[in-house]
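Inside the fold
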Amino acid sequence: MSDVEGKILNIYDKSKPETEDLFDSSNWNHLAWCLALAFAALAFWLGIALVNAENQRNALMTNQCQDPVFKGSIDQQCLRTVRSRDHWWEHLWYGVTHVKPEPPPKPGR
């Protein structure tokens, strides 16, 4: 190699990539993705729980699960299987938008 080629290689020596730490990785990125996945799973689970609770609440409010044998009692099997609205997203929307309980109806005169 000539002197001129050596000078050119020294000039461009710093432009080649450093391969020593090319494949080093950090666990912080893995931790962030694991936390994001855990929070997404938690939000999904809470959405399912909200849909089920709102379904049962609406069935109780509309008297859909009255026990036919014991008047004034609630049929527990009916509460597990009742569909008080047509779609699950209606329960989710109602549960998300109605955070405060509804006031009791005022007695009429």
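Everything in this summary refers to the structure shown in the same document.

1. Brief notes about the side chain of Asn58
Note on placement: Asn58 falls in helix H2 (residues 27-61). Here Asn58 falls in the buried class, since its relative accessible area comes to 10%. When neighbours within four sequence positions are excluded, Asn58 is seen to be in contact with Ser84 and Arg85.

2. Structural notes on the pattern of salt bridges
A pair can form between side chains of opposite charge whenever their charged atoms are brought close. Scanning the model with the defined rule gives two salt bridges in all. One salt bridge in this structure joins Arg57 and Glu54, with 2.9 Å as the shortest N-O distance. Linking Arg57 with Glu54, this pair stays in helix H2, spanning three residues, or about one helical turn. The partner of Glu54 in a salt bridge is Arg85, and the shortest N-O contact between them spans 3.1 Å. Here the residue Glu54 occupies a position in helix H2, and Arg85 occupies one in the loop between helix H3 (76-81) and helix H4 (88-97), the gap between them amounting to 31 residues. Note on Glu54: relative accessible area 7%, which makes it buried. Residues joined in a network through salt bridges with shared partners are Glu54, Arg57 and Arg85.

3. Quick look at the packing of aromatic side chains
This structure, assessed with the given rule, holds zero aromatic pairs. Stacked on the ring of Tyr94, the Lys or Arg Arg85 has its end atom at 4.7 Å from the ring centre.

4. Overview of the nonpolar core
Nonpolar side chains tend toward joint burial in soluble globular proteins. One finds Ala59, Cys65, Cys78, Leu79 and Val82 forming the largest nonpolar core, which totals five residues. Not counting the four nearest positions on each side in its chain, Cys78 is found in contact with Gln64 and Cys65.

5. A word on the packing of H2 against H4
Contact geometry of H2 with H4 gives a least axis separation of 8 Å together with a crossing angle of 90°. Here H4 runs roughly perpendicular to H2, going by the angle between their axes. Residues Gly47, Leu50, Val51, Glu54, Asn55 and Arg57 of H2 pack against Trp88, His91, Leu92, Tyr94, Gly95 and Val96 of H4. Class assignment for the residues of the contact of H2 with H4 results in six nonpolar, four polar and two charged.

6. Points about H2
A rise of 1.5 Å per residue sets the reference length of H2, with its 35 residues, at 51 Å; its end C-alpha atoms lie 50 Å apart and thus fit the reference within 8%. The inward-facing, buried residues of H2 abut H3 and H4.

7. What to know about unusual backbone geometry
Residue Asn63 is not a glycine yet carries a positive backbone phi of 55°. Summarising the element assignment, Asn63 is placed in the loop between H2 and H3.

8. Describing the state of the cysteines
Overall, the coordinates contain one disulfide when judged by the stated rule. The side chain of Cys65 participates in a disulfide bridge whose partner is Cys78; the two sulfur atoms lie 2.2 Å from each other. Taking the torsion about the S-S bond as the criterion, the Cys65 to Cys78 disulfide, at about -70°, is left-handed. Here Cys65 is found in the loop between H2 and H3, whereas its partner Cys78 is found in helix H3, with 13 residues between them in sequence. Accessibility assignment for this pair places Cys65 and Cys78 in one class, buried.

Rules used throughout
Here the residue numbers are simple positions, counted from 1 along each chain's written sequence. It should be noted that, the model being predicted, local features are given only for residues of pLDDT at least 70 and side-chain atom pairs only at 80 or more, the latter also being counted only at that level, while totals for whole chains, interfaces and linings use all residues. Where side-chain values are given, they derive from all heavy atoms of the structure, hydrogens and water being excluded. By the criteria applied, helices consist of DSSP H or I runs no shorter than four residues and strands consist of E runs no shorter than two, each listed in order from the N terminus. Only protein chains enter the accessibility calculation, which uses a 1.4 Å probe. A residue is then buried if its area is under 20% of the maximum for its type, exposed if over 50%, and partly exposed in between. Note on contacts: a residue pair is in contact if any heavy atoms of the two residues lie within 4.5 Å. Salt bridges are defined by distance alone: a side-chain nitrogen of Lys or Arg within 4 Å of a carboxyl oxygen of Asp or Glu. Centre distance within 6.5 Å is the pairing criterion for rings of Phe, Tyr and Trp, where only the six-membered ring of Trp is used; planes under 30 degrees apart are then read as stacked, over 60 as edge-to-face, and the remainder as tilted. Over a ring means this: the NZ of a Lys or the CZ of an Arg is within 6 Å of the ring centre and within 35 degrees of the ring normal. Joining through side-chain atoms within 4.5 Å is the link that ties buried Ala, Val, Leu, Ile, Met, Phe, Trp, Tyr and Cys residues into a set, and such a set is a nonpolar core. The axes are straight lines fitted to the C-alpha atoms, using for helices just the contacting stretch, and the angles between their N-to-C directions are given from 0 to 180°. Any angle from 65 to 115 degrees is called roughly perpendicular, while one under 35 is roughly parallel, one over 145 is roughly antiparallel, and all others are oblique. Residues are grouped as follows: Ala, Val, Leu, Ile, Met, Phe, Trp, Tyr, Cys and Pro are nonpolar; Asp, Glu, Lys and Arg are charged; every other residue, Gly included, is polar. Here the expected length of a helix is defined as 1.5 Å per residue gap, with one fewer gap than residues. In this description, the term disulfide denotes a pair of cysteine sulfurs within 2.5 Å.

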